[in-house]
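In case you want the letters, here they are:
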2 protein chains.
Amino acid sequence: MKLYNYFRNSAGQRIRTALHIKSVPFEYICHKDLGPGGYRKVNPQGLLPALEINGRIVAQSTAIFEYIEEVFPTPSLLPADPIDRAEVRAFAQLIACDIHPLHIHRVRNYLSDEFNLTGDQTGTWYHHWVAEGLASLEEMLRRRTRETEFCYGDLPGMADVYLTPLMLNARRFGCDVTPYPLLNAVDEACLTLPEFQAAMPENQPDFDRYGPHVTQDS
Amino acid sequence: MKLYNYFRNSAGQRIRTALHIKSVPFEYICHKDLGPGGYRKVNPQGLLPALEINGRIVAQSTAIFEYIEEVFPTPSLLPADPIDRAEVRAFAQLIACDIHPLHIHRVRNYLSDEFNLTGDQTGTWYHHWVAEGLASLEEMLRRRTRETEFCYGDLPGMADVYLTPLMLNARRFGCDVTPYPLLNAVDEACLTLPEFQAAMPENQPDFDRYGPHVTQDS
């Protein structure tokens, strides 16, 4: 199993974390090592991450996540009850659909290139969607029936796997994350775990090759 | 089971279609009927759709979709094989994550209100992401191992349920959809089915109340 990825790719970080929690070995392939245009031959979407399984390519982190959960069910990253599962997926999808796609590199680049937005303006854009999204996520946790160490339970799951890269990027881009105590508490709990640490950008094999030169993409 | 929705909401249309295919009865509640701020009390995200199940609220169309698929498995909207399932989910997630969130009403509004983009500019924005997304989706279908009437099979599934509202909106906003023959063929096949027709905006109970006055949101 090959994971096409990039140390800074936060959707890829979700998958790395899930694979580490489930102790599933994988080959890490940095998309930049394939050369210009090389990755598009693998994944026509050109987006990261992608998983190669027996020669077939699966794109989109949530599709990959569900695949991993189905094929490597232990430990499960989703609760057993269908409504509980839906609640966890809703938390993760709010990140995957309503926060992440708005602030990624290619979208901010398009805003500057096409509409001449300044760096300050794309920063405002970034901070706006992150703040709106984090407020909704905090409110979701506040409405839980009981407070737990991780988002939805006493062990980390899908919601936590999606949350940590978001919090990392929010801090990196100077968003104020202090108004979200519940999210911060979960994030802190996750980062004490070796599986989450192993998925962090600085611990990926391509960090040394590309890390020092790259400051913008997420 | 209550579906909080709006006739024009295209993420909601995915769920309406899935429920109709599975013959699951549901109460349709138009979020506008709850009055100003009323819907936010139900769903703190303020986004549509949301499903209320035994007093609990589940947001995010993909979380709702997976819930419906788990609780009402027949007919299934996902293939049996895990990699096949992942491929279908990747197609749907490309729509849910990389196309839809960029062109929705609140995002275009933010671009005009905050950065004074003109209607032509937000139109350019809309067309850009739709064209890029549709090209990737067309390429995904082109790479299928066999050509099928629906996206991934001889019966409609998750990919089709996500595709039809996208095609509808792309046409409504004047995107050129002629370069995508495979997507058009699937869309046409879907629209011959009563379950897809029943989920169309003009067949929702709030269409007559709000339809004539609303021209912008999707």
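What counts and how
Residues numbered from 1 in each chain as written. Chains lettered and ligands numbered in written order. Predicted model: local features only at pLDDT ≥ 70, side-chain atom pairs only at ≥ 80, totals over all residues. Heavy atoms only, no water. Helix = DSSP H or I, 4+ residues; strand = E, 2+ residues; numbered from the N terminus. Rg over C-alpha atoms; globule rule 2.2 N^0.38 Å. Buried < 20%, exposed > 50% of the residue type's maximum accessible area, 1.4 Å probe, protein only. Lys, Arg positive; Asp, Glu negative; His and termini not counted. Charge placed at Lys NZ, Arg CZ, Asp CG, Glu CD. Pairing = 2+ DSSP bridges. Axes fitted to C-alpha atoms, helices over the stretch in contact; angles between N-to-C directions. Domains from an automatic or database assignment. Buried area = accessible area lost by both parts, 1.4 Å probe. Salt bridge = Lys/Arg side-chain N within 4 Å of Asp/Glu carboxyl O. Nonpolar A, V, L, I, M, F, W, Y, C, P; charged D, E, K, R; others polar. Contact = heavy atoms within 4.5 Å. Least-squares fit on C-alpha atoms with pLDDT ≥ 70 in both. Polar contact = N/O pair within 3.5 Å; in protein donor to acceptor, adjacent residues only side chain to side chain. Core = buried A, V, L, I, M, F, W, Y, C linked by side-chain atoms within 4.5 Å. Parallel < 35°, antiparallel > 145°, perpendicular 65-115°, else oblique. Phe/Tyr/Trp six-rings, centres within 6.5 Å; stacked < 30°, edge-to-face > 60°. Lys NZ or Arg CZ within 6 Å of the ring centre and 35° of its normal.

### Topic: the overall build of chain A
- The helix and strand tally for chain A stands at 11 helices and 4 strands.
- Radius of gyration (C-alpha) of chain A: 17 Å, near the 17 Å computed for a compact globule of 218 residues.
- A principal-axis box enclosing the C-alpha atoms of chain A has dimensions of 50 × 45 × 30 Å.
- By the burial criterion, 59% of the 218 residues in chain A qualify as buried.
- Taking the average location of the 20 positive side-chain charges in chain A and that of its 28 negative ones, the two points are 5 Å from each other.

### So, the sheet that holds strand S3 (residues 50-53) of chain B
Residue and element names in this part refer to chain B.
- Ordered in space as S2-S1-S3-S4, the 4 strands form an open sheet in which the pairing is mixed. Pairing within the sheet leaves two strands with one partner each, and these edge strands are strand S2 (27-30) and strand S4 (56-59). Between one strand axis and the next, the sheet turns through 25 degrees on average, direction left out of account.
- Relative to S2, strand S1 (residues 2-5) runs parallel, the two sharing 4 bridges. Bridge pairing in S2 links Leu3 to Tyr28.

### Section: the domain arrangement of chain A
Residue and element names in this part refer to chain A.
- Assigned domains of chain A: these are domain 1 (2-74 + 204-213) and domain 2 (82-198).
- With centres defined by C-alpha atoms, the gap from domain 1 to domain 2 works out at 20 Å.
- Regarding the contact of domain 1 and domain 2, the summed buried area is about 1,500 Å², with carbon and sulfur atoms giving 57% of it.
- If you look at where domain 1 meets domain 2, you find 1 salt bridge.
- The shortest N-O distance in the salt bridge between Glu66 and Arg89 comes to 2.8 Å.
- Secondary-structure elements contributing two or more residues to the side of domain 1 that touches domain 2 are helix H1 (10-21) and helix H3 (61-71).
- Ranked by the residues each element gives to the side of domain 1 that touches domain 2, the list is headed by H1, at 8 residues.
- Here the residues of the side of domain 1 that touches domain 2 sort into 5 nonpolar, 7 polar and 3 charged.

### So, the pattern of salt bridges
- Inspection of the entire model under this criterion finds 26 salt bridges over all chains.
- Two residues, Arg142(B) and Glu139(B), come together in a salt bridge whose shortest N-O distance is 2.9 Å. Taken together, the residues Arg142(B) and Glu139(B), both in helix H7 (residues 119-142) and 3 residues apart, mark about one turn of the helix.
- Here the salt bridges do not stand alone but share partners, grouping Glu66(A), Arg85(A), Arg89(A) and Glu70(B) into one network.

### Quick word on the interface of chain B and chain A
- The interface of chain B with chain A comprises 51 residues on the first partner and 51 residues on the second.
- Across the chain B/chain A interface, buried area totals approximately 4,500 Å², and carbon plus sulfur atoms make up 62% of it.
- The interface formed by chain B and chain A includes 12 salt bridges.
- Between Arg85(A) and Glu70(B) there is a salt bridge, and its shortest N-O distance comes to 2.9 Å.

### A few points about the relation of the copies chain B and chain A
- Rotating chain B by 180 degrees about the axis while translating it 0.0 Å along that axis superimposes it on chain A, leaving an RMSD of 0.0 Å. With respect to symmetry, the two chain copies, as superposed, fit the operation of a two-fold axis. Minimal C-alpha distance to the rotation axis in chain B is attained by Cys97(B), lying at 2.3 Å.
- Both copies contact each other with a shared surface, as 100% of the interface residues of chain B are interface residues in chain A too.

### Observations regarding the side chain of Glu69(B)
All names here are of chain B.
- Within the secondary structure, Glu69 sits in helix H3 (residues 61-71).
- A relative accessible area of 9% means that Glu69 is categorised as buried.
- Within the structure, the side chain of Glu69 is placed 2.8 Å from the side chain of Lys22, a separation counted as a polar contact.
- In terms of polar contacts, Glu69 uses its side chain to reach the side chain of Ser76, at 2.6 Å.
- Residue contacts for Glu69: discarding those within four places in its chain leaves Lys22, Pro75, Ser76, Leu77 and Leu78.

### Remarks on the nonpolar core
- Counting 106 residues, the largest nonpolar core has Phe91(A), Leu137(A), Leu163(A), Phe91(B), Leu137(B) and Leu163(B) as the members making the most contacts within it.
- Ignoring any residue separated from it by four or fewer positions in sequence, one finds Leu163(A) in contact with Phe91(A), Ile95(A), Leu137(A), Cys151(A), Leu183(A) and Val186(A).
- Among the nonpolar cores identified, the runner-up in size contains 18 residues, and Val107(A), Leu111(A), Trp125(A) and Trp129(B) belong to it.

### Quick notes on the packing of helix H1 (residues 10-21) of chain B against H3(B)
All names here are of chain B.
- Interhelical geometry of H1 versus H3 gives an angle of 10 degrees and a closest axis separation of 9 Å. For the element pair H1 / H3, the angle class is roughly parallel. Here Ala11, Arg14, Ile15, Ala18 and Leu19 of H1 come into contact with H3, specifically with Ser61, Ile64, Phe65 and Ile68.
- Class assignment of the residues belonging to the contact of H1 with H3 gives a composition of 7 nonpolar, 1 polar and 1 charged.

### Overview of the packing of aromatic side chains
- Tallied over the entire structure, the rule returns 21 aromatic pairs over all chains.
- Relative to Trp125(B), the ring of Tyr110(A) lies with its centre 6.0 Å away and its plane at 50 degrees, an arrangement referred to as tilted. Taken as a pair, Tyr110(A) in helix H6 (residues 105-115) and Trp125(B) in helix H7 lie in two separate chains rather than in one. Here Tyr110(A) and Trp125(B) have matching classes, each one buried.
- When the ring centre of Tyr210(A) is taken as origin, the NZ or CZ atom of Lys32(A), which lies over that ring, is 5.5 Å away.

### A few points about H3(A)
- The element H3(A) is largely enclosed, with a buried count of 9 among its 11 residues.
- Those residues of H3(A) lying buried are Ser61(A), Thr62(A), Ala63(A), Ile64(A), Phe65(A), Glu66(A), Tyr67(A), Ile68(A) and Glu69(A).
- As for H3(A), its buried residues are in contact with H1, strand S3 (50-53), strand S4 (56-59), helix H4 (82-98) and helix H8 (158-172) of chain A together with helix H4 (82-98) of chain B.

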